[in-house]
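Observations on chain architecture
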Amino acid sequence: MSGFKNFLLRGNLVEIAVGFIMATAFGTVVTSFVSWLTAQMPASASKVFSNNPNSFGAFLNALIAFVILAAVVYFVVVVPYTKAKERYFPEEAEGPTEAELLTQIRDSLAAR
């Protein structure tokens, strides 16, 4: 079971899944925006590009659905994932920075 926990929390599986979900939802927003934008063209061009007469409503619907989905994904997936990752895999204590190491080396050489 610990191997599966490591797979979920240490790998990028959750980040990739969240990115895929958000990209798919954003694709719907872009598609509906393009449909609305082409509906604003003159009548002859609009008939060629757009088959949805109520495209602004579809765009608003897609935009609101995207924001709701983003909130749900954040509060249901990202927040618990972050807390679990911090709990099971705390950040390791970092050593001295590169500047501190160089200062120590300089001081050591100067003391000789």
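Residues numbered from 1 in each chain as written. Predicted model: local features only at pLDDT ≥ 70, side-chain atom pairs only at ≥ 80, totals over all residues. Heavy atoms only, no water.

Let's shift gears to the overall build of the protein. On a plain count of helices and strands, the protein comes out with five helices and zero strands. Carbon and sulfur atoms form 67% of the exposed surface of the protein, whose accessible area is close to 8800 Å². (Helix = DSSP H or I, 4+ residues; strand = E, 2+ residues; numbered from the N terminus. Areas by Shrake-Rupley, 256 points an atom, 1.4 Å probe, with all protein chains shown as cover.)

Our next topic: the nonpolar core. Within the largest apolar cluster, 12 residues are counted, these being Leu9, Val14, Val18, Met22, Ala25, Val29, Phe59, Ala62, Phe66, Val73, Tyr81 and Phe89. Listed by contribution, the elements that provide at least two residues to this core are α2 (13-39) and α4 (55-88). With residues up to four places along the chain from it excluded, the contact list for Phe66 reads Met22, Ala25, Phe26 and Val29. (Core = buried A, V, L, I, M, F, W, Y, C linked by side-chain atoms within 4.5 Å. Buried < 20%, exposed > 50% of the residue type's maximum accessible area, 1.4 Å probe, protein only. Contact = heavy atoms within 4.5 Å.)

Glancing now at the packing of aromatic side chains. To describe a pair of aromatic rings, you give the distance between the ring centres and the angle between the ring planes. Enumeration over the complete set of coordinates arrives at seven aromatic pairs. With a centroid separation of 5.4 Å and 50 degrees between ring planes, the pair formed by Trp36 and Phe56 is classed as tilted. With a gap of 20 residues between them, Trp36 in helix α2 and Phe56 in helix α4 connect regions that are remote in the sequence. What makes Trp36 partly exposed here is its relative accessible area of 22%. When the centroid spacing of 6.3 Å and the interplanar angle of 45 degrees are considered together, the rings of Phe56 and Phe59 count as tilted. Of this pair, Phe56 and Phe59 both sit in helix α4, three residues apart, which is roughly one turn of the helix. Site record: aromatic cluster; members linked through ring pairs are Phe33, Trp36, Phe56 and Phe59. (Phe/Tyr/Trp six-rings, centres within 6.5 Å; stacked < 30°, edge-to-face > 60°.)

Next up on the list: α2. Here α2 contains 27 residues, and its C-alpha end-to-end distance of 39 Å stays within 8% of the 39 Å for a straight helix at 1.5 Å per residue. Buried residues of α2: Val14, Val18, Met22, Ala25, Val29, Ser32, Ser35 and Thr38, and no others. (Expected span 1.5 Å × (residues − 1).)

The subject of this paragraph is the packing of helix α1 (residues 2-10) against α4. In the contact formed by α1 and α4, the axes pass within 10 Å of each other and the chain directions differ by 125 degrees. One way to sum up the angle between α1 and α4 is to call them oblique. When the axes of α1 and α4 are compared, the crossing they make is left-handed. Residues Lys5, Leu8 and Leu9 of α1 form the contact with α4, whose own contacting residues are Tyr81, Ala84, Lys85 and Tyr88. Classifying every residue of the contact of α1 with α4 gives five nonpolar, no polar and two charged. (Axes fitted to C-alpha atoms, helices over the stretch in contact; angles between N-to-C directions. Parallel < 35°, antiparallel > 145°, perpendicular 65-115°, else oblique. Left-handed = near helix turned anticlockwise from the far one by under 90°. Nonpolar A, V, L, I, M, F, W, Y, C, P; charged D, E, K, R; others polar.)

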